[in-house]
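If you want the building blocks of each chain, they are given just below.
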Amino acid sequence: SETTVIRFCYQIGLTGFAQLQKEVTAFLVEDYTNSTLGNYVSSKESLFKEQALCEKVMRQAGERVVRISKQMDEILFKKAAKAMHDAKKIYVAGAGASQIAAHWLQFTLNTLRPNVELMMMETSALIRTLQEIDESGLVIIISLHRYELEPLQLAEETAARGAEVIGITDSNIAPLHQYTDTCFVLEQTELSTIDLMPAILAFMNTLVVGMMSHDATYYNEQRVKYDDFQNSFIANRWR
């Protein structure tokens, strides 16, 4: 019963169930709170004196991509790709290390279809964007450890507004799960966001390809229009 749980918390020296939750969460994600840079450097030290340094580091990255690809749920993948194709407008968000991936995804989608916006984490800009999001929008949120608060708040708010939310994260216990309709977990044995980035970009590239597969003719037309305008713009700019 609830009272038994609370008494148990008091007996082991905690202030209540809320503190027990925090203690358990801290224990479960303890490794994920380590320094990303520290993990990155320490995991590479054994390679510093290797003759084929370039080959071995790039092979590791490739193996990570393959390993993550085998973890993917094909049904969830197809659902997300279709949602990206159908969405009236797509919003992409990420903070901290996740910003790199968010910028890449927004840039790539924006060359292939209209109405793709990178959400700014600055308060006034974020409030303005939140005011326009409704059930016709699709929000893609990238949240990697240390799981910054703003994207989580954003996921909660946009879900409450009826928008579909797709999450990309790095752990099955990441807090993003509770706010998303579809959440992809790119788990890895190495505890480094820096090491994970090539695999995230590869996965997002695959999502974009999945989106294009729903109407190859349309996306090819978008590509031609983009290239034509870009070429004429650059020519006029440097004339």
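This text goes with the structure placed above it.
Keep in mind the model is a prediction, meaning the values are calculated, not measured. (Residues numbered from 1 in each chain as written. Predicted model: local features only at pLDDT ≥ 70, side-chain atom pairs only at ≥ 80, totals over all residues. Heavy atoms only, no water.)

## Some thoughts on the overall build of the protein
For the record, the criterion: Here a helix means four or more residues in a row that DSSP labels H or I, a strand means two or more in a row labelled E, and each is numbered from the N terminus. Partly exposed residues are those whose accessible area sits between 20% and 50% of the maximum for their type, while under 20% is buried and over 50% is exposed, using a 1.4 Å probe and protein chains only. Residues count as neighbours in contact if any of their non-hydrogen atoms are within 4.5 Å of one another. Here the open area of atoms and residues is found with the Shrake-Rupley method and a 1.4 Å probe, where only the protein chains shown may cover a residue. The convention is simple: Lys and Arg are positive, Asp and Glu are negative, and His and the chain ends are not counted. Where a charge lies is defined by one atom per residue type: Lys uses NZ, Arg uses CZ, Asp uses CG and Glu uses CD.
When its secondary structure is counted, the protein shows 10 helices and 5 strands. On the principal axes, the C-alpha backbone points of the protein span a range of 75 × 55 × 35 Å. The buried share of the protein, taken over its 239 residues, is 38%. Sequence separation of 24 or more characterises 70% of the internal contacts of the protein that already satisfy a separation of 6 or more. Counting every atom, the protein has about 14000 Å² of accessible surface; 55% of that belongs to carbon and sulfur. In the protein, the 22 positive side-chain charges and the 30 negative ones have mean positions that sit 5 Å from each other.

## A few points about unusual backbone geometry
Geometrically, the link from His145 to Arg146 is a cis peptide bond, its omega value of 20° lying close to zero. Relative to the assigned elements, Arg146 resides in the loop between strand E3 (137-143) and helix H8 (149-160). A positive phi angle is found at Tyr147, which is not glycine, with a value near 50°. The exposure class of Tyr147 is buried, given its relative accessible area of 14%.

## Considering the pairing of strand E4 (residues 164-169)
Here is the rule: Only strands that DSSP links by at least two bridges are regarded as paired with each other. Looking down the strands as they point away from the viewer, one classifies a crossover as right-handed if the path from the first strand across the helix to the second runs clockwise.
By the criterion of burial, E4 is predominantly enclosed, with 5 of the 6 residues buried. Across 6 bridges, E3 lies against E4 in parallel orientation. Of the residues in E4, the one forming a bridge with Val139 is Val165. At this point the chain moves from E3, through H8, to the parallel E4, and the crossover so formed is right-handed. Inspection of the sheet shows E4 paired to strand E5 (residues 182-185) by 4 bridges, in the parallel sense. From the neighbouring strand, Ile166 faces E5, where its bridge partner is Thr182.

## Thoughts on the pattern of salt bridges
What counts, and what does not: Put simply, a salt bridge is a Lys or Arg side-chain nitrogen that is within 4 Å of an Asp or Glu carboxyl oxygen.
Applying the stated criterion to the full structure yields 9 salt bridges. A salt bridge links Lys82 to Asp86, with the nearest nitrogen and oxygen atoms 2.6 Å apart. In this pair, Lys82 and Asp86 are both assigned in helix H5 (residues 74-86), 4 residues apart and thus about one turn of the helix distant. Lys82 sits in the partly exposed class, given a relative accessible area of 36%. Residue class for Asp86 comes out partly exposed when judged on its relative accessible area of 46%. Lys89 serves as the salt-bridge partner of Glu132, at 2.9 Å between the closest nitrogen and oxygen.

## Regarding the packing of helix H6 (residues 98-112) against helix H9 (residues 193-212)
As a reminder of what qualifies: Between the N-to-C directions of two axes lies an angle of 0 to 180 degrees, each axis being a line fitted to C-alpha atoms and, for a helix, fitted only over the stretch in contact. Orientation labels follow simple angle bins: below 35 degrees gives roughly parallel, above 145 gives roughly antiparallel, 65 to 115 gives roughly perpendicular, and whatever is left gives oblique. Note on convention: near helix rotated counterclockwise from far helix by under a right angle means a left-handed crossing. Clockwise means right-handed.
At a closest axis distance of 10 Å, the pairing of H6 and H9 adopts a crossing angle of 25°. Comparing their axes, H9 and H6 come out roughly parallel. Relative to H9, H6 is oriented so that their crossing is right-handed. Listed contacts from H9 to Ile100, Ala101, Trp104, Leu105, Thr108, Leu109 and Leu112 of H6 are Met197, Ile200, Leu201, Met204, Asn205, Val208, Met211 and Met212.

## Comments concerning H5
Operational definition: How far a helix is expected to stretch is found by multiplying one less than its residue total by 1.5 Å. Think of it as the arc spanned by the lines of direction from the helix axis to the C-beta atoms.
For H5, built from 13 residues, the straight-helix expectation of 18 Å at 1.5 Å per residue is met to within 8% by its first-to-last C-alpha distance of 18 Å. Listed in full, the buried residues belonging to H5 are Phe77, Ala80, Ala81, Ala83 and Met84. Around the axis of H5, the buried residues are gathered within 160° of arc, so they sit on the same side. Set apart from the buried face of H5 by more than 90 degrees, the exposed residues are Ile75 and Lys78. Each element contacted by the buried residues of H5 is listed here: strand E1 (89-94), H6, E3, E4, E5 and H9.

## Some details on the pairing of E3
E3 sits mainly inside the fold: 7 of its 7 residues count as buried. Alternating positions in E3 separate into two faces, Gly137, Val139, Ile141 and Ser143 on one and Leu138, Ile140 and Ile142 on the other, with burial throughout. Examined bridge by bridge, E1 and E3 share 6 bridges and lie parallel to one another. By the bridge assignment for E3, Val92 is matched with Ile140.

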